[in-house]
Structures are given as structure tokens and as C-alpha cells.
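Chain by chain, the residues:
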Number of protein chains: 2
Amino acid sequence: MVQPVREKNKITSFDIAHRAGVSQSTVSRALRGSPLVNEETRRRIQAAVEELNYKVDKNASSLRRKHSGTLALLLFEDPTADESHINPFFLSMLGSITRACAQEGYDLLVSFQQLSHDWHADYADTKKADGIILLGYGDYLAYRDKLRKLAEQGTRSVRWGAVLPDQPDVSIGCDNHAGGRMVTEHLLAQGCRRIAFLGEASTHYPEFFARYLGYAEALEQAGLAADQALQADAESTERSGYEAVETLLARGERFDAVFAASDLIAIGALQALNARGLQVPRDVALAGFDDIPMASFVNPPLTTVLQDTQQAGRLLVDALLRLIRGEVVESAMLPVTLKVRRSSLWKQER
Amino acid sequence: MVQPVREKNKITSFDIAHRAGVSQSTVSRALRGSPLVNEETRRRIQAAVEELNYKVDKNASSLRRKHSGTLALLLFEDPTADESHINPFFLSMLGSITRACAQEGYDLLVSFQQLSHDWHADYADTKKADGIILLGYGDYLAYRDKLRKLAEQGTRSVRWGAVLPDQPDVSIGCDNHAGGRMVTEHLLAQGCRRIAFLGEASTHYPEFFARYLGYAEALEQAGLAADQALQADAESTERSGYEAVETLLARGERFDAVFAASDLIAIGALQALNARGLQVPRDVALAGFDDIPMASFVNPPLTTVLQDTQQAGRLLVDALLRLIRGEVVESAMLPVTLKVRRSSLWKQER
């Protein structure tokens with residue numbers, strides 16, 4: 001481990017570690033009050049702190065006042081929905097949040113939850129975690145009350161999701177509106193005019209809704225109107241994307257492009273289009289959202305909007321730690337990037 | 001949620017949930033003694049259990065004797081090694097273990113650890129988790145003593161890794177030896193004769209070593225001997241794979257194939273070969289191990305050995321839960337599958 005440059009003669013946690021005969025990370029855990037440090041080690045570290053007259057900052061008072069040293073991640077997805085896989089976008093977020101926690105010296109308690117359950121009461125009452133990160137798709141209006149109760153109970157929480165004017169909590173999300181606009185402007189530039197939108201488009205699902213509003217805005221700026229007949233509800237699964245395309249086709253609507261509100265929906269849509277003999281992008285241009293790893297290796301590779309999950313994980317953990325330290329934290333939106341791949345290059349194939 | 005078919009008149013946890021006015025999963029948590037259920041809810045569930053004369057099985061005694069309802073996952077990887085990403089194989093395992101825990105109603109506490117640290121003492125002393133899963137590459141001989149202490153302390157643990165005759169713990173691993181043999185037989189069938197092996201080949205790294213022994217056995221059966229000059233150490237990173245190829249080339253050794261002990265090593269090797277003007281598979285056939293998602297979309301797509309991470313996650317969680325219930329659990333090896341892709345099709349390109 002590389003030692004940081006230090007002020008001359010300043011006692012650091014490395015000196016404490018050396019004196020106590022433990023690793024620096026154990027000192028760091030002990031100073032944070034982690035219960036992972038056993039009592040004997042804790043006493044040895046406390047003794048070294050006193051001998052060396054180490055300037056203990058306010059956090060170090062947790063040598064006596066125990067913290068959990070743990071952040072909780074509540075993943076809202078039905079674990080029985082698909083027997084084998086986590087939604088790849090959430091898996092990527094899980095990895096980046098785990099890593100960001102580790103870099104801050106925290107453990108991460110991962111718990112699958114269903115939005116309908118009484119998780120807000122469960123987590124407010126326990127000392128398992130110093131704060132919680134909420135991650136997952138779901139009906140926002142149905143769980144906003146629980147978020148409010150969580151805030152009232154004084155539970156520190158940060159949510160991955162849309163930034164909304166009336167939200168009771170702090171959220172970090174990506175700029176879904178800009179992403180929806182970018183995709184739609186790109187499809188319009190390809191010459192597409194009848195662009196379908198697959199995904200819930202209501203305030204119940206604010207992330208998808210913001211993507212929809214970006215889509216509608218781009219259409220309007222091009223002198224077109226968003227056509228209700230070209231919108232089909234879908235949740236973020238391949239099956240749902242497949243069914244949404246079948247719904248559109250059953251309506252007898254003609255469309256030259258599909259903007260799916262997530263990559264999983266797009267991949268399901270691709271399968272449904274192929275099953276009906278429609279080729280992407282020759283017959284229908286296609287774009288998704290998220291840039292999950294699969295997006296670049298479906299055939300044709302999928303145009304999509306990159307949400308930077310590494311940055312997102314770091315920002316969520318950072319925001320939560322600042323809340324825990326009692327700082328004021330503002331909700332924030334991350335920029336997104338359009339990734340153009342072959343699935344949307346309609347003009348070139350005609 | 002689908003209710004299970006039940007015996008006539010038999011009281012189930014769904015009846016308890018209905019009576020207590022909570023969800024079935026909350027009843028299940030309470031019966032398991034999870035601290036996530038607050039005291040008032042726990043009392044209500046206890047009252048319903050008594051009113052309905054619910055046959056409480058032995059686990060339900062934890063209504064009084066608290067369990068954590070949590071399994072810990074210790075990930076041995078340096079979180080500072082690469083600022084942004086978890087090794088993709090471990091990320092996939094993290095996903096499948098998280099999901100398997102959820103399906104069993106457990107939370108998962110994820111903690112990055114370094115092998116050199118005193119994690120064995122930390123985790124033995126706390127009541128944070130009912131048992132631990134150990135996951136990660138590292139020098140086995142350097143941490144075997146810690147595993148032994150863990151076992152002596154009575155900590156329930158299961159390790160992802162090689163099954164070894166002298167191991168102090170229970171492990172679940174894949175059949176690395178068979179995987180190594182399959183890859184090598186495939187490369188031999190392509191006509192390759194000078195097959196390099198990239199990866200540590202010693203008892204310090206038993207998974208890589210088993211892959212090496214499978215490789216050596218296949219060579220021997222083909223009347224060839226494993227040539228020390230064609231082996232180069234590498235840990236499971238792209239950088240290490242890149243450097244291993246440079247080591248081989250600096251030795252002036254000729255080789256017509258490379259078997260990398262992991263996909264990350266293989267991808268690094270591919271970059272190094274390309275940088276030296278060597279084409280895969282025309283000049284050098286290449287195969288890896290793991291079948292990480294990236295393997296199928298590098299160019300050329302990588303021949304590799306699939307370790308079924310979904311099954312592995314389920315088996316690890318299942319083995320640990322059986323240990324926690326006091327059952328005798330045997331170490332086990334999962335079968336592997338050779339995935340032939342273009343990177344190894346040497347014969348066809350010549």
C-alpha cells in the first residue's frame with residue numbers, strides 16, 4: 001500500500017497501526033467504530049492513539065460510540081421474477097456501489113426488497129447500517145409515502161432515480177430527459193418519422209417518463225407530435241419489450257423506428273421484430289437506453305444511451321456518507337452519452 | 001406471489017401473515033429471527049403463531065433466539081487495484097450469490113478484504129452474519145492458516161475455489177483440471193503443438209494450478225511434454241496477460257497457441273500479440289477460462305471454459321445454509337463446458 005505524503009512529524013493512522021501491530025485498514029475500521037474490530041484490538045488501537053497523542057477527529061469518537069461501518073443497498077426487484085439473472089444494469093450498479101463502499105472502508109449490506117413490503121419500517125429500526133441506498137425500478141407514486149416516512153424517521157437514504165420537485169429524499173439519477181431527446185433527434189436525423197416509444201410513460205415511472213418527455217420534445221421541435229398510438233407500455237424486461245412490439249403491430253400502426261426505454265426492452269423488441277420478418281435497421285431503426293454490456297454484442301449492435309454506472313456508484317456512496325456526516329446534500333443529475341451503433345442506422349441501409 | 005399448494009387445513013406462514021397484518025416475507029424474516037423485523041411486529045407475529053397454533057419448526061425458535069438473517073461475502077480483491085471495475089467473473093458471482101441469498105430470504109453483507117488482513121478474527125467475533133462465503137484469487141498457502149483458525153473458531157464458511165485434500169474448510173469450485181484438459185485437447189486438435197500457458201502454476205494458486213495440470217496431462221497424452229519455457233506467470237488481470245506474452249516473446253520462444261488461465265489474461269495477451277503484429281488465430285490460437293461476458297465480444301471472439309456462475313452462487317449459498325443448520329456438507333466440484341469461438345480456430349485460418 002502506498003503511504004500518502006504526510007506533513008512533517010504529523011502522526012497518522014499508519015503510525016497507530018504500526019504501534020498497535022495491526023494493519024492501517026484495521027485502524028481505520030476501529031476509528032470508524034466498525035463492529036468488525038474485536039474488543040481486544042480496539043483497546044490496543046485506543047492505547048496507541050493515546051500514547052502517540054494522535055489527533056482524533058470527530059469521527060474517531062466512534063471508538064466509543066459504535067457505528068455499523070456498513071451501508072445498506074435495497075434492491076427493488078423481484079428475486080423470483082427471473083430465476084437466474086439480475087437486471088444487467090442493476091448488476092453493474094451493484095458492482096460499482098460495492099467497489100465505492102470498499103474504497104471508503106465500508107461494507108455493503110445487499111438486500112432484495114419488494115416495493116409493496118414494509119422495508120421502510122424494517123430498516124429504520126435496525127442498527128445494521130448507517131444509511132441506505134435505494135435502487136430499482138418500480139411505481140414511484142406507490143412508494144413515495146414510504147420514502148417520506150423514512151425521511152421523517154431520520155433514516156439517511158439516497159435513491160437512484162429521477163430528480164423530482166416534490167421528492168422527500170435525496171436522489172442521484174441520470175439526465176433521462178436529455179437522453180430521450182438525444183435518441184429521438186438521432187432517429188429523426190436518420191430520416192425516421194414514425195418513431196414508437198416502448199415503456200411506461202406516466203408519473204408512476206418518472207425515469208421512463210422523463211425519457212418519454214425528451215422524446216416528445218424532440219418530435220415537437222421537428223414539427224411532429226408524439227402519437228399516443230405509437231406508445232406501448234413496457235417494464236424493463238425482454239419479455240415486456242417483445243410483447244410491446246406485438247401490441248403495436250396488433251394495432252396496425254406503421255412505424256419506422258422504435259425507441260425503447262431500456263436496453264432489455266429493446267432486445268425483446270428486436271426479437272419480436274425479427275420474428276415478424278422485420279429487419280433492424282433496414283425496416284425499423286432501433287435504440288435503447290442504459291448501455292448494458294449485452295447492447296454491444298446483440299446483432300445488430302444496439303444504439304443506446306450510456307448511463308455511467310461507475311460514476312453513479314461513487315456519487316451515491318459519496319452522497320450517503322455526506323448525509324451521515326450531517327452535511328446538506330442536494331439531489332444531482334449525471335450527464336448521459338449517446339452511443340450510436342448499427343441498430344439505428346436506418347438511412348444507410350435503405 | 002403464488003401460494004404453494006398446501007395440505008388441507010394446514011396452517012401456513014400465509015395464515016400467520018394474514019392474521020398479523022403483515023406480508024408473508026415479514027413472517028418468514030421473523031421466524032428466522034431477522035433483526036430487520038421490529039419488536040412490535042415480532043410480537044404480533046408471535047401472537048398469531050400462538051393463536052393459530054402454528055406448528056413452529058425448529059428454525060422458528062429464533063423468534064426468541066435472534067439470528068442475523070444475513071450471510072457475509074468476503075471478496076478478496078484489492079479495491080484500489082483498478083479504480084473502476086470489479087473482475088467481471090467475480091461481479092457475475094456477486095450477482096448470483098446476491099440473488100441466491102434473496103431467494104432464501106437472506107441479506108448479503110459484501111465486504112472487500114485483503115488476504116493479508118485479520119479478517120478471520122474480525123468476522124469470527126461479530127454477530128453480523130450467520131456464516132461467510134469467501135471469494136477471490138490469492139495465495140492459498142498464505143491464507144490457509146486463517147481458514148483453519150476460522151474453522152477452529154466454529155465460524156461457518158464456504159469458499160469458492162479448488163477442492164484440495166488438506167483443506168480445513170468446505171469449498172465449491174469448478175472442475176479446473178477437466179477445463180484445462182479440454183482447452184488443450186481442443187488446441188491440439190487444431191494442429192497446435194507449441195502451446196504456451198499463461199498463469200501461476202504452483203500450489204499457491206490451486207485453481208490455476210489445476211488448469212495447468214489438465215493442460216500438462218493433455219499434452220502428455222498427445223506424446224508431448226509441458227515445456228517450462230512456455231509457461232509464464234500471470235495473475236488474473238489484462239495487464240498481467242499483456243506482460244506474460246512480452247515475457248514469452250523476450251525469451252525468444254516460438255509458440256503456435258496460448259492457453260491463458262483466465263479470460264482477463266487472455267484479453268491482455270490478445271492485445272500484446274496484436275501489438276507485436278501477431279494475428280489471432282492465424283498466427284497464434286488463443287483460449288481463456290471463465291467465459292466472462294466480454295469473451296464473446298472481443299475480436300476475435302474468445303474460446304474459453306464456461307464456469308456456470310449462476311449454479312455456483314446457488315450451490316455456495318445452499319452449502320452455507322446447510323452448514324448453519326448443522327448438517328455435514330462435502331466440498332463439491334461443478335462440471336465445466338468448453339465454448340469454442342473463433343480465437344482458437346487456427347487450422348481454418350492457415
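For clarity, every value in this text was computed on a predicted model and none was experimentally measured.

The rules behind each value
- Residues numbered from 1 in each chain as written.
- Chains lettered and ligands numbered in written order.
- Predicted model: local features only at pLDDT ≥ 70, side-chain atom pairs only at ≥ 80, totals over all residues.
- Heavy atoms only, no water.
- Phe/Tyr/Trp six-rings, centres within 6.5 Å; stacked < 30°, edge-to-face > 60°.
- Helix = DSSP H or I, 4+ residues; strand = E, 2+ residues; numbered from the N terminus.
- Buried < 20%, exposed > 50% of the residue type's maximum accessible area, 1.4 Å probe, protein only.
- Pairing = 2+ DSSP bridges.
- Contact = heavy atoms within 4.5 Å.
- Axes fitted to C-alpha atoms, helices over the stretch in contact; angles between N-to-C directions.
- Salt bridge = Lys/Arg side-chain N within 4 Å of Asp/Glu carboxyl O.
- Expected span 1.5 Å × (residues − 1).
- Arc of directions from axis to C-beta.
- Parallel < 35°, antiparallel > 145°, perpendicular 65-115°, else oblique.
- Left-handed = near helix turned anticlockwise from the far one by under 90°.
- Nonpolar A, V, L, I, M, F, W, Y, C, P; charged D, E, K, R; others polar.

1. Quick notes on the packing of aromatic side chains
Residue and element names in this part refer to chain B.
Reasoning step 1: One pass over the structure, following the stated rule, counts 21 aromatic pairs over all chains.
Reasoning step 2: A ring pair is formed by Phe-76 and Tyr-143, whose centres lie 5.9 Å apart and whose planes are at 50°; its orientation type is tilted. A residue pair is termed long-range when its members are at least 10 positions apart, and Phe-76 in strand β1 (residues 70-76) and Tyr-143 in helix α6 (residues 140-152) qualify at 67 residues.
Reasoning step 3: Among the residues examined, Phe-76 registers a relative accessible area of 4% and is labelled buried.
Reasoning step 4: Residue Tyr-143 is classed as buried on the basis of its relative accessible area of 5%.
Reasoning step 5: Ring plane angle 85° and centroid distance 6.1 Å describe the contact between Tyr-140 and Tyr-143, whose orientation is recorded as edge-to-face. Here the residue Tyr-140 and the residue Tyr-143 both occupy positions in helix α6, the gap between them amounting to three residues, near one helical turn.

2. Side note on the sheet that holds strand β6 (residues 195-198) of chain A
Residue and element names in this part refer to chain A.
Reasoning step 1: Strand order in this open sheet of four strands is β7-β6-β8-β9, and the pairing throughout is parallel. Lying at the two open borders of the sheet, with one neighbouring strand each, are β7 (231-232) and β9 (285-287).
Reasoning step 2: Of the pairings in the sheet, the one linking strand β8 (residues 257-260) to β9 comprises three bridges and is parallel in character. From the neighbouring strand, Ala-257 faces β9, where its bridge partner is Ala-285.
Reasoning step 3: Across the face of the sheet, helix α8 (residues 206-221) comes into contact with β6, β7 and β8 while running at roughly 170° to β6.
Reasoning step 4: In this fold helix α9 (residues 238-250) packs onto β6 and β7, with an angle of close to 135° to the strand it touches most, β6.

3. Considering the pattern of salt bridges
Reasoning step 1: Taken as a whole and assessed by the stated rule, the structure comprises 26 salt bridges over all chains.
Reasoning step 2: Taking the shortest distance from any N to any O, the salt bridge between A:Asp318 and A:Arg322 comes out at 3.2 Å. Taken together, the positions of A:Asp318 and A:Arg322, both in helix α11 (residues 309-324) and four residues apart, correspond to about one turn of that helix.
Reasoning step 3: What makes A:Asp318 partly exposed here is its relative accessible area of 32%.
Reasoning step 4: B:Asp283 is the salt-bridge partner of B:Arg282, the closest N and O atoms lying 3.2 Å from each other.
Reasoning step 5: A relative accessible area of 37% places B:Arg282 in the partly exposed class.
Reasoning step 6: The structure contains a network of salt bridges with shared partners spanning A:Arg181, A:Glu185 and A:Glu217.

4. Some thoughts on helix α6 (residues 140-152) of chain A
An α-helical segment advances 3.6 residues per turn. Residues three or four places apart therefore align on the same side.
Residues and elements named next belong to chain A.
Reasoning step 1: With 13 residues, α6 should reach 18 Å at 1.5 Å per residue; the first-to-last C-alpha distance of 18 Å fits that figure.
Reasoning step 2: Here α6 has its buried residues at Tyr-140, Tyr-143, Lys-146, Leu-147 and Leu-150. The buried residues of α6 occupy an angular sector of 120° when projected down its axis, which confines them to one face.
Reasoning step 3: Once α6 finishes, Gly-154 follows within two positions and takes phi at roughly 85°, a positive value.

5. Digging into the packing of helix α1 (residues 13-20) of chain B against helix α3 (residues 39-51) of chain B
All names here are of chain B.
Reasoning step 1: Two elements in contact, α1 and α3, have axes whose closest approach is 9 Å; the angle formed by their N-to-C orientations is 120°. Taken as axis vectors, α1 and α3 run oblique relative to one another. Relative to α3, the crossing made by α1 is right-handed. Every residue of α3 that contacts α1 at Ile-16, Arg-19 and Ala-20 is listed here: Arg-44, Ile-45, Ala-48, Val-49 and Glu-51.
Reasoning step 2: Looking at the contact of α1 with α3, its residues break down into five nonpolar, no polar and three charged.

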